[in-house]
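# Coordinate inspection notes
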Amino acid sequence: MAANVSPFSAPEAYDAARVRRDFPILATQVNGHPLVYLDSAASSQRPLPVLRAVEDYETHSHANVHRGVHALSQAATSAFEGARERARRFLNARSIREIIFVRGTTEAINLVAQSYARPRFGPGDEILISALEHHANIVPWQMVCEQTGCTLKVAPINRRGELLYEEFEELLGPRTRLVAIAHVSNALGTVLPVKRIVEAAHAHGAVVLVDGAQAVPHSRVDVRALDADFYAFSGHKMYAPTGIGVLYGREELLAAMPPWQGGGEMILTVSFDRTTYNELPWKFEAGTPNISGAVGLGAAMDYLESLGVEAVAAHEARLLALATAELARIPGIELVGTAASKASVLSFTLAGVHAHDLGTILDTEGIAVRTGHHCAMPVMTFFGIPATARASFGCYNTEDDVARLVAGLGRVREVFG
Ligand code: PLP
């Protein structure tokens, strides 16, 4: 995931032009220009194999899962549970009991906050996060602190947007019950040393949740090698549909956690006196799940692995290095987030131009970037800015996209004189 790959050194074996043909939406014209999509960190586009898998499921196999003896229900159940096994292999989890389908990263983190942390933590206990977290990895812990009286600690970052690791370690102590940390920062692109963090947290007896929303599209994640207790991600950032994601949890932890939502699917027996809960993973999946989303997620995992996660990551790293070098040459551009290890995200400001105006002008040129605080307001506060513009790369971006971005920024500078 490192960005410090020379754009000129590695041979360009990766065929981005062929990859682009898998994504019909990339042929869209926006404001009279061919679309340049540089917003994959917010949500990636879906390739034909994913669109077709969802359509095929909806056309031929849809019924509710788990409850029916009829053929379609069994087809739907096998598609849904097949996707779970696919996700298990994707993460190298030990068992499908460790794979909980959720709406996305946000729901996954809230599940752990409410079912793991809330019943266990109290005054004196500490939850440790970092200063570069997405709101989804801040607010659920603040809620737990309000609910239980425990304390939120925040490990600082430096001006490059890197975690100050020594300070982080100093904040770990006998009171630390849980560490919740991004694998990759969405606002800055920083790749965090999660393996080291997991080891240090475990040495202090704390469990670790890794927010992998920005990591799974760009790196191979092996939850056994990483040894994280919980790992959360969203399908829609890795070429799958919206409304589906995964919470991986270590089985012994999940087994000891109470369900967090009640309803159908998550029970074994119900009477007015007593309800018994289903086994893992269904104990955490109350109600009818997002079946076609899970099917699409499985297809997206097949797709990403068919391209080769490492090949995609190397391609994106070349683009990031190229874009970083090009933007650094533009007068008035300030790069925000210059960590030594980065993945696929380039945040920047342009002197005298609000990020929203910059994004609006780029849009008139057909270039989609994200502008704002990127759901990471504390990061903006740290850098003393209200917002950045953020270009983010996916498997389908090209050097031409970078050239169009550079030309678009030239246009912004013309407009603002
Ligand atoms: N964590 C990170 C690092 C993210 O980038 C995002 C989304 O941008 C989330 C969490 C929340 O993901 P979702 O909105 O899919 O639940």
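Residues numbered from 1 in each chain as written. Predicted model: local features only at pLDDT ≥ 70, side-chain atom pairs only at ≥ 80, totals over all residues. Heavy atoms only, no water.

### Description of the pattern of salt bridges
For the record, the criterion: By definition here, a salt bridge exists when the distance from a side-chain nitrogen of Lys or Arg to a carboxyl oxygen of Asp or Glu is within 4 Å. The numbering of helices and of strands both runs from the N terminus, where a helix is a DSSP run of H or I of at least 4 residues and a strand a run of E of at least 2.
Taken as a whole and judged by the stated rule, the model has 23 salt bridges. Here Arg20 ties to Asp401 by a salt bridge, and the two come within 3.6 Å at their closest N and O atoms. Taken together, the residues span a long stretch of sequence, with Arg20 in helix α1 (residues 16-21) and Asp401 in helix α14 (residues 399-415) at a distance of 381 residues. Overlapping salt bridges bring together Arg86, Arg220, Asp302, Glu305 and Glu310 as one network.

### Description of the nonpolar core
What counts, and what does not: Grouping buried Ala, Val, Leu, Ile, Met, Phe, Trp, Tyr and Cys residues that are joined through side-chain atoms within 4.5 Å yields what is termed a nonpolar core. Buried residues are those whose accessible area, probed at 1.4 Å on protein chains only, stays under 20% of the maximum for their type, while exposed residues exceed 50% and partly exposed ones sit between those limits. As used throughout, domain bounds are those supplied by an automatic or database domain assignment. When checking whether two residues touch, look at their non-hydrogen atoms; a contact exists if any pair is within 4.5 Å.
Judged by nonpolar contacts, the single largest core of 79 residues is most densely connected at Val179, Tyr231 and Cys395. Ranked by the residues each element gives to this core, the list is headed by helix α10 (residues 291-307), at ten residues. Domain assignment of the residues forming this core places at least three in each of domain 1 (16-46 + 308-415) and domain 2 (51-305). The contact partners of Tyr231, leaving out residues within four places of it in the chain, are His183, Val210, Gly212, Ala215, Val216, Val221, Val223, Leu226, Val246, Leu247 and Tyr248. Membership of the second largest hydrophobic core comes to 29 residues, among which are Val102, Val112, Ile138 and Val144.

### What to know about the site of the ligand
We apply this condition: If even one non-hydrogen atom of a residue comes within 4 Å of a molecule or strand, that residue is called near it. Pairing of N or O atoms within 3.5 Å defines a polar contact, subject to two protein rules: one partner must be a possible hydrogen donor and the other a possible acceptor, and residues neighboring in sequence count only if both atoms are side-chain atoms. Each accessible area is a Shrake-Rupley result for a 1.4 Å probe, and residues are judged covered by the shown protein chains and nothing else. Buried and open spaces are told apart on a 1 Å grid over the protein atoms alone, a cavity being a set of points where a 1.4 Å probe fits but cannot get out and a pocket being an open set with protein on both sides within 12 Å along at least five of seven lines. Residues with an atom within 4 Å of a point are the lining residues. Any molecule with more than half of its atoms within 2 Å of a cavity's or pocket's grid points is regarded as sitting in that cavity or pocket. Three categories are distinguished: nonpolar for Ala, Val, Leu, Ile, Met, Phe, Trp, Tyr, Cys and Pro, charged for Asp, Glu, Lys and Arg, and polar for the others, with Gly belonging to the last.
Taken together, Gly104, Thr105, Thr106, His134, Ala136, Asn186, Asp211, Ala213, Gln214, Ser234, His236 and Lys237 make up all the residues around the ligand. Here Thr105 contributes a backbone N or O atom positioned 3.4 Å from an oxygen atom of the ligand. Protein coverage of the free-state accessible area of the ligand, which is 390 Å², stands at 85%. The site holding the ligand turns out to be the largest pocket. Considering only residue class, the shell around the ligand consists of two nonpolar, eight polar and two charged.

### Observations concerning a negative patch on the surface
Our working rule: A patch is a set of surface residues, each over 30% in relative accessible area and not in a salt bridge, joined within 9 Å for like charges and within 5 Å for the nonpolar side chains Val, Leu, Ile, Met, Phe, Trp and Tyr. Here the positive residues are Lys and Arg and the negative ones are Asp and Glu; neither His nor the chain ends is included. The atom standing in for a charge is NZ when the residue is Lys, CZ when it is Arg, CG when it is Asp and CD when it is Glu.
Judged by side-chain charge, Glu166, Glu167, Glu169 and Glu170 come together as a negatively charged surface patch. Tracing the chain through its elements places Glu167 in helix α6 (residues 165-171).

### Quick word on the packing of helix α2 (residues 48-60) against α10
A pair of packed helices is characterised by two quantities: the angle between their axes and the separation of those axes. Stated formally: Axis lines are fitted through C-alpha atoms, for helices just across the contact stretch, and the angle between N-to-C directions can take any value from 0 to 180 degrees. Here a crossing is taken to be left-handed if its near helix is turned anticlockwise relative to the far helix by less than a right angle, and right-handed if that turn runs clockwise.
At their nearest, the axes of α2 and α10 sit 8 Å apart, and the two run at 145 degrees to each other. As α2 packs across α10, the resulting crossing turns out to be right-handed. Along the contact surface, α2 presents Pro49, Val50, Ala53, Val54, Tyr57 and Glu58, while α10 presents Ile291, Ser292, Val295, Gly296, Ala299, Ala300 and Tyr303. Taken together, the residues of the contact of α2 with α10 break down into ten nonpolar, two polar and one charged.

### A word on the side chain of Gln45
Along the chain, Gln45 turns up in the loop between β3 (36-37) and α2. On the accessibility criterion, Gln45 (13% relative accessible area) is buried. Aside from chain neighbours lying at most four places away, what touches Gln45 is Phe23, Ile25, Tyr37, Tyr239 and Tyr396.

### So, the pairing of strand β5 (residues 126-130)
Using the following cut-off: Between any two strands, pairing holds if DSSP finds at least two bridges. Consider the strands pointing away from the viewer: the crossover is right-handed when the path from the first strand over the helix to the second runs clockwise.
The element β5 is largely enclosed, with a buried count of five among its five residues. Burial along β5 is two-sided: the residues Glu126, Leu128 and Ser130 and Ile127 and Ile129 are all buried. The pairing of β5 with strand β6 (residues 151-155) spans five bridges and is parallel. By the bridge assignment for β6, Ser130 is matched with Ala155. Traced from β5 through helix α5 (residues 139-148) to β6, the parallel crossover comes out right-handed. By the bridge criterion, three bridges tie β5 to strand β7 (residues 176-182) in an arrangement that is parallel. Bridge pairing links Leu128 to Val179 in β7.

### Section: the layout of surface pockets
This is how the line gets drawn: Grid points are joined across faces, edges and corners, and a volume is the space filled by probe spheres set on the points.
Considered as a void within the structure, the largest pocket measures approximately 440 Å³ in volume. Those elements giving two or more residues to the lining of the largest pocket turn out to be α4 (105-120) and β16 (370-372). Of the residues that constitute the lining of the largest pocket, the class distribution is eight nonpolar, 14 polar and six charged. There are two domains that each give the lining of the largest pocket at least three residues, and those are domain 1 (16-46 + 308-415) and domain 2 (51-305). Size it by volume and the second largest pocket reaches roughly 220 Å³. Of the residues that constitute the lining of the second largest pocket, the class distribution is seven nonpolar, five polar and three charged.

### Structural notes on the domain arrangement of the chain
Quick note on the threshold: Each of two parts loses accessible area, computed with a 1.4 Å probe, when they are put together; buried area is these two losses added.
When cut into domains, the chain gives domain 1 (16-46 + 308-415) and domain 2 (51-305). The C-alpha centroid of domain 2 is placed 28 Å from the C-alpha centroid of domain 1. Approximately 3,100 Å² of surface area, both sides summed, lies buried where domain 1 meets domain 2, with 55% of it carried by carbon and sulfur atoms. It is Arg46, Val309 and Phe382 in domain 1 that bury the most area against domain 2; as a group they hold 22% of the surface buried on that side. Between the two partners, domain 1 and domain 2, sit one salt bridge. Linking Arg220 and Glu310 is a salt bridge whose minimum nitrogen-to-oxygen distance equals 3.0 Å. The interface formed by domain 1 and domain 2 holds 27 residue pairs in polar contact (both at pLDDT 80 or more) in total. For the side of domain 1 that touches domain 2, the elements supplying multiple residues, two or more each, are α11 (309-328), β14 (345-350) and α13 (377-383). Here the side of domain 1 that touches domain 2 gets six residues from one element, more than from any other, and that element is α13. Looking at the side of domain 1 that touches domain 2, its residues break down into 24 nonpolar, twelve polar and six charged.

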